Amino acid sequence: MLTHQSQIHARGRQALLHEPAGGDPDKLTLVKALGSLVWDEAGKEYIDCTAQAWSNNLGANDPRVIEAAIEQTRQITHARPTFHTPVLLELAELMVSIAPRGLDRVGFTLHGSMAVEMALKLAMRNRPDAQHIAILHDAYHGRSLTTMAASWPHPGNVFGVLQPRFLRLPRPDLYRPRANLTSAEDTDLSLQLIRDILAKGTEGPVAALIYEPIQGNGGHNVFSTRWHRGIREICDEHGIMLIIDEVQTGLGRTGRMWASDYYGIDPDVLVFGKGVGGGFPLAGVLAKRRYAKFLAGDDQLTFGQFPIALAAGLAAVRAIIADDLCARAAENGKYATQRLLEMQQRHPLIGDVRSPGLMVSIELVRDRISKEPATTESHRVFELAQERGVIFGESRYGGLGNLIKIKPPLDISREHLATALDVLDEVLTIVEGEGQERFHDH
Ligand SMILES: Cc1ncc(COP(=O)(O)O)c(C=O)c1O
């Protein structure tokens, strides 16, 4: 017998525009979150290794953030961008103080996608003669019309007619370097190809090159310091604005405040989002002072400087600093990575273990030599872990699908992290056993 409330929920599921017809039976309805834990409507508890789209760098519902948001709600909830609010100015001052050196201007908005668009607009405002903006293969920069076009190709894209065209540049692959090359050679070749494209493959100047210091949604693709240095040199040679998209890597995730600090990158513009809001929608752009500011009307959104999100962000960033979450991410990441490397000795499915910090993933493969992606096996690992009360991230989109992502809040307790990894160990054994059975059946 369905209760009245569950009947309403069932009708709500049918009504949602973003659900497949009839609703996704796998989708949990979350009712509560605290730290690294979430609870579904049946009261079942889960360890959340996704930090809700890698956004709760500070554990969910931190009382400092909640109190700051409530207090702000009592004062003023909304001020249009033609006015300042105290939280806007205080967070501006704080963000500039923690930014990589030289980034001393900041703008705010509510979503990572809109922050990326802000950065692209800043590039165009500053180089109006340029006709191109460059991105990397396998990039992910969001889901607005523009940032979607700046991401890896969308299967069956129906939006193309209204999307800008980006200059798509090759990238090295440290796990699957181009045929017969070492990963260092693949990096050098990619840099050389980019130089060739900029010299002979484009018409007119390039305003900006945007990339993620670690590609997140495109497959947890890590780059070497050599690559980051090479890209900076290329941008300098061509007068290209270098935009680093740290929506996913920023605010302590890598064990440093920014991946730019971790890899020694010198961005001209840095995009932040996700973890900055402490669970509230907040994102923005940091930029070098030498760039012209936006003119009135260039980038004003009604809720772009939303005081409640800014107050939550101010409290979250202060807490990230006070609790030294960068150090926590580094320690927890080291522990997780060591355990995963140890599991890799026993589990043939684990092809590769990736970090740094608490930006951790494993790539599952059917064979360590051919590196054939173990896509169905990965989804099975995800499902079995969820049954056992651990939610891992998975990459389901665009032909990917063989990554298991372990990116919980940076302050996850060692006990919860250990439990999550124990469950992973257990379900990998089960899935490998199922593979053996399938093998013998044939
Ligand atoms: C690197 C990167 N940039 C931009 C975005 C878009 O952020 P949002 O979903 O808040 O618009 C994401 C989201 O996953 C991201 O990972």
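Throughout what follows, the structure given in this document is the object of discussion. (Residues numbered from 1 in each chain as written. Predicted model: local features only at pLDDT ≥ 70, side-chain atom pairs only at ≥ 80, totals over all residues. Heavy atoms only, no water.)

**Let's talk about the overall build of the protein chain**
Piece 1. Scanning the protein chain for helices and strands turns up 13 helices and 17 strands.
Piece 2. Relative to a compact globule of 442 residues, whose C-alpha radius of gyration would be 22 Å, the protein chain shows 22 Å and is just as compact.
Piece 3. Along the three orthogonal principal directions, the C-alpha set of the protein chain runs to about 65 × 60 × 45 Å.
Piece 4. Restricting to contacts in the protein chain with at least 6 residues of sequence separation, those with at least 24 account for 71%.
Piece 5. As displayed, the protein chain has an accessible area near 20,400 Å², and 55% of this comes from carbon and sulfur atoms.
Piece 6. On the protein chain, the mean spot of the 47 positive side-chain charges and the mean spot of the 54 negative ones are 4 Å from each other. (Helix = DSSP H or I, 4+ residues; strand = E, 2+ residues; numbered from the N terminus. Rg over C-alpha atoms; globule rule 2.2 N^0.38 Å. Contact = heavy atoms within 4.5 Å. Areas by Shrake-Rupley, 256 points an atom, 1.4 Å probe, with all protein chains shown as cover. Lys, Arg positive; Asp, Glu negative; His and termini not counted. Charge placed at Lys NZ, Arg CZ, Asp CG, Glu CD.)

**Observations concerning the sheet that holds strand E15 (residues 390-391)**
Piece 1. Pairing within the open sheet is mixed, and its four strands lie in the order E1-E2-E3-E15. Each edge of the sheet is formed by a strand with only one pairing partner; in this case those strands are strand E1 (30-34) and E15. (Pairing = 2+ DSSP bridges.)

**A look at the site of the ligand**
Piece 1. Around the ligand sit His 111, Gly 112, Ser 113, Tyr 140, His 141, Gly 142, Glu 212, Asn 217, Asp 245, Val 247, Gln 248 and Lys 274, and that is every residue in its neighbourhood.
Piece 2. Contact between the ligand and Asp 245: a nitrogen atom at 2.7 Å from a side-chain N or O atom of the residue.
Piece 3. The protein chains hide 84% of the 390 Å² of surface that the ligand would expose on its own.
Piece 4. Of the residues that constitute the shell around the ligand, the class distribution is two nonpolar, seven polar and three charged. (Near = heavy atom within 4 Å. Polar contact = N/O pair within 3.5 Å; in protein donor to acceptor, adjacent residues only side chain to side chain. Nonpolar A, V, L, I, M, F, W, Y, C, P; charged D, E, K, R; others polar.)

**Here we look at the nonpolar core**
Piece 1. Counting residues in hydrophobic clusters, the biggest one holds 67 residues, and the most contacted among them are Met 95 and Leu 424.
Piece 2. Both of domain 1 (4-58 + 324-441) and domain 2 (63-322) provide at least three residues apiece to this core.
Piece 3. Beyond its immediate chain neighbours, meaning those up to four positions away, Leu 424 contacts Leu 340, Ile 362, Val 381, Phe 392, Ile 404 and Ile 406.
Piece 4. By size, the runner-up hydrophobic cluster in this structure holds 25 residues, among which are Ala 123, Ala 130, Phe 166 and Val 247. (Core = buried A, V, L, I, M, F, W, Y, C linked by side-chain atoms within 4.5 Å. Buried < 20%, exposed > 50% of the residue type's maximum accessible area, 1.4 Å probe, protein only. Domains from an automatic or database assignment.)

**Brief notes about helix H8 (residues 225-238)**
A turn of α-helix holds 3.6 residues, and therefore any two residues three or four places apart point the same way.
Piece 1. When the terminal C-alpha atoms of H8 are compared, their 20 Å separation across 14 residues agrees well with the 20 Å that a helix rising 1.5 Å per residue should span.
Piece 2. Those residues of H8 that fall on the buried side of the exposure criterion are Trp 227, His 228, Gly 230, Ile 231, Arg 232, Ile 234 and Cys 235.
Piece 3. Residues of H8 that are buried make contact with strand E5 (132-136), helix H7 (183-200), strand E7 (206-211), strand E10 (241-245), helix H9 (259-263) and strand E12 (283-288).
Piece 4. Gly 239 occupies a position one or two residues after H8 and carries a positive phi of about 65 degrees. (Expected span 1.5 Å × (residues − 1).)

**Describing the pattern of salt bridges**
Piece 1. Under the defined criterion, the tally for this structure stands at 31 salt bridges.
Piece 2. Among the salt bridges present, the one from Glu 71 reaches Arg 74, with a minimum N-O distance of 3.5 Å. Residue Glu 71 and its partner Arg 74 are located together in helix H3 (residues 63-75), separated by three residues, close to a single helical turn.
Piece 3. A relative accessible area of 37% means that Glu 71 is categorised as partly exposed.
Piece 4. Its relative accessible area of 62% is what places Arg 74 among the exposed residues. (Salt bridge = Lys/Arg side-chain N within 4 Å of Asp/Glu carboxyl O.)

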